[in-house]
Every structure is written in C-alpha cells, then in structure tokens.
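Summary of the model geometry
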Amino acid sequence: MATAAPELTDPELLQTAWDLEPLVDGDGEAGVERQLDDALARAQTFSERHAGRLGELDAAGLAAAMRELGAILELVGRAGNYAALRFSTDTADPANGALLQHAQERETAIETTLLFFDLEWAALPDERAEELLAGDGLEFCAHHLRNVRRYREHLLSEP
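Our subject in this report is the structure included herewith. (Residues numbered from 1 in each chain as written. Predicted model: local features only at pLDDT ≥ 70, side-chain atom pairs only at ≥ 80, totals over all residues. Heavy atoms only, no water.)

**A closer look at the overall build of the protein**
Check the secondary structure of the protein and you find 6 helices and 0 strands. What you see for the protein is a C-alpha radius of gyration of 21 Å, clearly larger than the 15 Å of a compact globule of 159 residues, by over 25%. The principal-axis extent of the C-alpha atoms belonging to the protein is close to 70 × 45 × 30 Å. With 159 residues in all, the protein has 35% of them scored as buried. Total accessible area on the protein stands at roughly 9,900 Å², and carbon and sulfur atoms take up 55% of it. (Helix = DSSP H or I, 4+ residues; strand = E, 2+ residues; numbered from the N terminus. Rg over C-alpha atoms; globule rule 2.2 N^0.38 Å. Buried < 20%, exposed > 50% of the residue type's maximum accessible area, 1.4 Å probe, protein only. Areas by Shrake-Rupley, 256 points an atom, 1.4 Å probe, with all protein chains shown as cover.)

**Some details on the nonpolar core**
The nonpolar side chains of a soluble globular protein tend to be buried with one another. Among the nonpolar cores identified, the biggest contains 39 residues, and Phe46, Leu62, Ile110, Phe117, Trp121 and Leu145 are the most heavily contacted of them. Residue assignment for this core shows that the elements contributing at least two residues are helix H2 (28-50), helix H3 (59-89), helix H4 (94-123), helix H5 (126-133) and helix H6 (142-150). In terms of residue count, the dominant contributor to this core is H3 (12 residues). With residues near it in sequence (within four places) discarded, Phe117 still touches Phe46, Leu54, Leu62, Ala65, Met66, Leu69 and Leu145. (Core = buried A, V, L, I, M, F, W, Y, C linked by side-chain atoms within 4.5 Å. Contact = heavy atoms within 4.5 Å.)

**Quick look at the packing of aromatic side chains**
A complete count under the given rule lists 3 aromatic pairs for this structure. Aromatic pair Phe46 and Phe116: ring centres 6.0 Å apart, planes at 45°, arrangement tilted. Here Phe46, found in helix H2, pairs with Phe116, found in helix H4; they are 70 residues apart in sequence, far enough to count as distant. The buried category is assigned to Phe116, whose relative accessible area is 3%. Between Phe116 and Phe117, the ring centres sit 6.3 Å apart and the planes meet at 80°, which makes this aromatic pair edge-to-face. You'll find Phe116 and Phe117 in the same group, each marked buried. (Phe/Tyr/Trp six-rings, centres within 6.5 Å; stacked < 30°, edge-to-face > 60°.)

**Points about the environment of Leu85**
In this structure, Leu85 sits in helix H3. When the C-alpha positions of Leu85 and Ala122 are compared, they lie 34 Å apart, and in sequence the two are 37 residues distant. Aside from chain neighbours lying at most four places away, what touches Leu85 is Trp18, Leu20 and Leu23.

**What about the packing of H5 against H6?**
Taken N-terminus to C-terminus, the directions of H5 and H6 make an angle of 170°; their axes are 11 Å apart at the nearest point. One way to sum up the angle between H5 and H6 is to call them roughly antiparallel. In contact with Asp126, Ala129, Glu130 and Leu133 of H5, H6 contributes Ala142, Leu145, Arg146 and Arg149. By residue class, the composition of the contact of H5 with H6 is 4 nonpolar, no polar and 4 charged. (Axes fitted to C-alpha atoms, helices over the stretch in contact; angles between N-to-C directions. Parallel < 35°, antiparallel > 145°, perpendicular 65-115°, else oblique. Nonpolar A, V, L, I, M, F, W, Y, C, P; charged D, E, K, R; others polar.)

**Observations regarding the packing of H2 against H3**
Viewed as axis vectors pointing N to C, H2 and H3 meet at an angle of 155°, and their least axial separation amounts to 9 Å. In terms of orientation, H2 and H3 fall into the roughly antiparallel class. In this structure, the crossing between H2 and H3 has a hand that is left-handed. Counting all contacts with H2, which are made through Gly28, Glu29, Val32, Gln35, Leu36, Asp38, Ala39, Arg42, Ala43, Phe46 and His50, the residues of H3 involved are Ala65, Glu68, Leu69, Ala71, Ile72, Leu75, Val76, Arg78, Ala79, Tyr82 and Arg86. In the contact of H2 with H3, the residues fall into 13 nonpolar, 3 polar and 6 charged. (Left-handed = near helix turned anticlockwise from the far one by under 90°.)

**Thoughts on H4**
In a regular helix each residue adds 1.5 Å, so 30 residues correspond to 44 Å; H4 covers 43 Å between its end C-alpha atoms and thus fits that length. Along H4, the largest kink reaches about 40° and is centred on Thr113. N-capping of H4 is provided by Asp93, with a side-chain oxygen placed 2.9 Å from the backbone N of Ala95. (Expected span 1.5 Å × (residues − 1). Bend = angle between axes of the 7 residues up to and from the residue. Polar contact = N/O pair within 3.5 Å; in protein donor to acceptor, adjacent residues only side chain to side chain.)

Given below as structure tokens:
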C-alpha cells in the first residue's frame, strides 16, 4: 500500500522563525556590535589586571577572575550565536554572511587577548595550582581549571 508523499511546503513550518533578539537584548546587529565591544574592553582590562600575575592570586581572586572570564565569554558567545543562527536562517543574504564573518573576527581578537590566562594557569607549579583549587569558591570552575592543566603538554606557547 503506497502512502502519499509528504507535503513539501508545510505552512506552519514556513511561518516559524527563531526569535534571536533575546541573545542581543533586542538590539539586532547593533546588539552584536555592542556586546563584542563590551567583551573586548573587558578582555583588555582583564589582561591588564592579570597577565603575568596569575600566580599571585589567592583562591578568592582566582574565583573573581573566573567569573569575569565567564562573563566576557558569555557576551562573545551570545553575539556569535546570534550571528551564526541568523546566517543559518538565510545563507543567501550577504548581510548575514558579513555579520557572521565580522563576529568571528572579533571573537578571535577577544580570545587572543585572553589566551594568556590558560597558558599561565597551565604553567603554574602543581603545588600552587592545588593550593588554589583547595580554596573556597572555586567549585564552579575547578573542573575546567583541572582540564586545562591535564592537557598542558598539548598547549602551544602564546606566540
């Protein structure tokens, strides 16, 4: 018994669209730019505050640094996801491709600014890293920090 071929144009599906605006606080492309500007400024401040001094932090300072790092990466992720999802809804629109490319370039610049953190954390002596991880307030990020150290032999240098 043959079944009817499925309808290729489902009207309900055609009317369905993602609401991506919550990712950028309802500001569209301007929200992407604003979030990436904010993330870059925060990454630069983070780098100025912590680069070359990671080993001097106590557990509370490391926890605060990890929260700030998380906030920066959330901004980048939300902006990048907005651009990528918007592109995926209409890959033929040059504006969507341009926004995605721009977001990816800015994300790379921000990640380059923050690269020092994982490298410095991985380079800390084991005793110092364990001392910090034994402190209070790092439960939310201890797994990540341990993973960075676990794979340190595979990390390239900053240059």
